[in-house]
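Breakdown of the fold
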Amino acid sequence: MATTKQNFKKSKWALDFSHKNKQEKNTDIPSPPGYTPSVALFQSVEYLRETDSNHLIIKKSWDLALGPLKQVPMNLFIMYMAGNSISIFPIMMVGMLIIRPVKALFTLQQTFKVIEGTHAFGQKFVYFFGQLVNIALALYKCQSMGLLPTHASDWLAFVEPQARVEYSGGGFIYI
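Basis of the calculations
- Residues numbered from 1 in each chain as written.
- Predicted model: local features only at pLDDT ≥ 70, side-chain atom pairs only at ≥ 80, totals over all residues.
- Heavy atoms only, no water.
- Helix = DSSP H or I, 4+ residues; strand = E, 2+ residues; numbered from the N terminus.
- Buried < 20%, exposed > 50% of the residue type's maximum accessible area, 1.4 Å probe, protein only.
- Contact = heavy atoms within 4.5 Å.
- Areas by Shrake-Rupley, 256 points an atom, 1.4 Å probe, with all protein chains shown as cover.
- Axes fitted to C-alpha atoms, helices over the stretch in contact; angles between N-to-C directions.
- Parallel < 35°, antiparallel > 145°, perpendicular 65-115°, else oblique.
- Left-handed = near helix turned anticlockwise from the far one by under 90°.
- Nonpolar A, V, L, I, M, F, W, Y, C, P; charged D, E, K, R; others polar.
- Patch = residues over 30% accessible without salt bridge, like charges linked within 9 Å, V, L, I, M, F, W, Y side chains within 5 Å.
- Salt bridge = Lys/Arg side-chain N within 4 Å of Asp/Glu carboxyl O.
- Expected span 1.5 Å × (residues − 1).
- Arc of directions from axis to C-beta.
- UniProt positions renumbered as here; feature names shortened; annotations may be inferred.
- Phe/Tyr/Trp six-rings, centres within 6.5 Å; stacked < 30°, edge-to-face > 60°.
- Polar contact = N/O pair within 3.5 Å; in protein donor to acceptor, adjacent residues only side chain to side chain.

1. Looking at the overall build of the chain
Scanning the chain from terminus to terminus reveals five helices and zero strands. In sequence order, the secondary structure elements of the chain are arranged as α-α-α-α-α. Burial statistics for the chain: of 175 residues in total, 16% are counted as buried. Taking as baseline every contact in the chain between residues at least 6 positions apart, the subset at least 24 positions apart corresponds to 65%. Surface exposure of the chain reaches about 15000 Å², of which carbon and sulfur atoms provide 64%.

2. Comments concerning the packing of helix H3 (residues 88–106) against helix H5 (residues 120–145)
Their axes nearest at 9 Å, the elements H3 and H5 cross at an angle of 155 degrees. If you check the angle between H3 and H5, you find them roughly antiparallel. Classified by chirality, the crossing of H5 by H3 is left-handed. Only Tyr127, Phe128, Gln131, Leu132, Asn134, Ile135, Ala138, Leu139, Lys141, Cys142 and Met145 of H5 make contact with H3, whose side of the interface consists of Pro90, Ile91, Val94, Leu97, Ile98, Pro101, Val102, Ala104 and Leu105. Of the residues contributing to the contact of H3 with H5, the split by class is 17 nonpolar, two polar and one charged.

3. Observations concerning a nonpolar patch on the surface
Judged by side-chain polarity, Met74, Phe77, Tyr80 and Met81 come together as a nonpolar surface patch covering roughly 500 Å² of accessible area. Position of Tyr80 relative to the elements: it lies in helix H2 (residues 39–82).

4. Digging into H3
With 19 residues, H3 extends 27 Å between its outermost C-alpha atoms, agreeing within 8% with the 27 Å of an ideal straight helix rising 1.5 Å per residue. Within H3, the full set of buried residues consists of Pro90, Val94, Leu97, Pro101 and Ala104. The buried residues of H3 occupy one face: seen down the axis, they fall within an arc of 115 degrees. Away from the buried face of H3 by more than 90 degrees, exposed residues Ile88, Lys103 and Phe106 are located.

5. A look at the UniProt feature "transmembrane region" (unreviewed entry) in the chain
Under the present numbering, the feature "transmembrane region" (unreviewed entry) in UniProt falls on residues 77–99. Spanning residues 77–99, this segment combines 78% helix with 0% strand, and its end C-alpha atoms are found 18 Å apart.

6. Focus: the packing of aromatic side chains
On inspection of all chains with the given rule, the structure shows one aromatic pair. Consider the rings of Phe112 and Tyr127, whose centres lie 5.2 Å apart with planes at 80 degrees: the pair is edge-to-face. A residue pair is termed long-range when its members are at least 10 positions apart, and Phe112 in the loop between helix H4 (108–111) and H5 and Tyr127 in helix H5 qualify at 15 residues. For Phe112, a relative accessible area of 2% puts it in the buried group.

7. Looking at the side chain of Ser61
Along the chain, Ser61 turns up in helix H2. Residue Ser61 is classed as buried on the basis of its relative accessible area, which comes to 6%. Among the polar contacts listed, one links the side chain of Ser61 to the backbone oxygen of Ile58, at a separation of 3.0 Å. At 3.3 Å, the side chain of Ser61 and the side chain of Gln123 are in polar contact. Those residues in contact with Ser61, other than ones at most four positions away along the chain, are Ile115 and Gln123.

8. Structural notes on the environment of Pro73
Relative to the helices and strands, Pro73 is located in helix H2. Separated by 61 residues in the primary sequence, Pro73 and Asn134 place their C-alpha atoms 10.0 Å from one another.

Encoded structure:
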């Protein structure tokens, strides 16, 4: 049986658990690439992991803060597609354009409850500004639809409505 062990060709990376001495190390095998047994490196890896998680937390909170500003192009497209007529669909769209940012502003503290650090104030400000931009877009849409009372005739019955000075129409020339 001893001869079969000697005949067995030992591979470079083979593990032999038959040795009783656990202190014995095989020094002829080099360490794998990237492996360094120093403790200082282990501590720096822990530091890198900690800063990586902090970096991810900051990145996610900036994504949350920039969310309302990322909604602006979609809101512009919805406003364009809804049109300026007074009907149920455009009014519902404008209503949602106003209600969503207002609700988000009331829940600002709950949204940013978990965020802390040096960037927290800037993130809250950007989030708040984005919601105000969305509200301004909704108010502009209301004004272009004629839903906002902007003239005295909208409030008082005895004042004449504002007369149009100019009319424009289709692209045909009438002879």
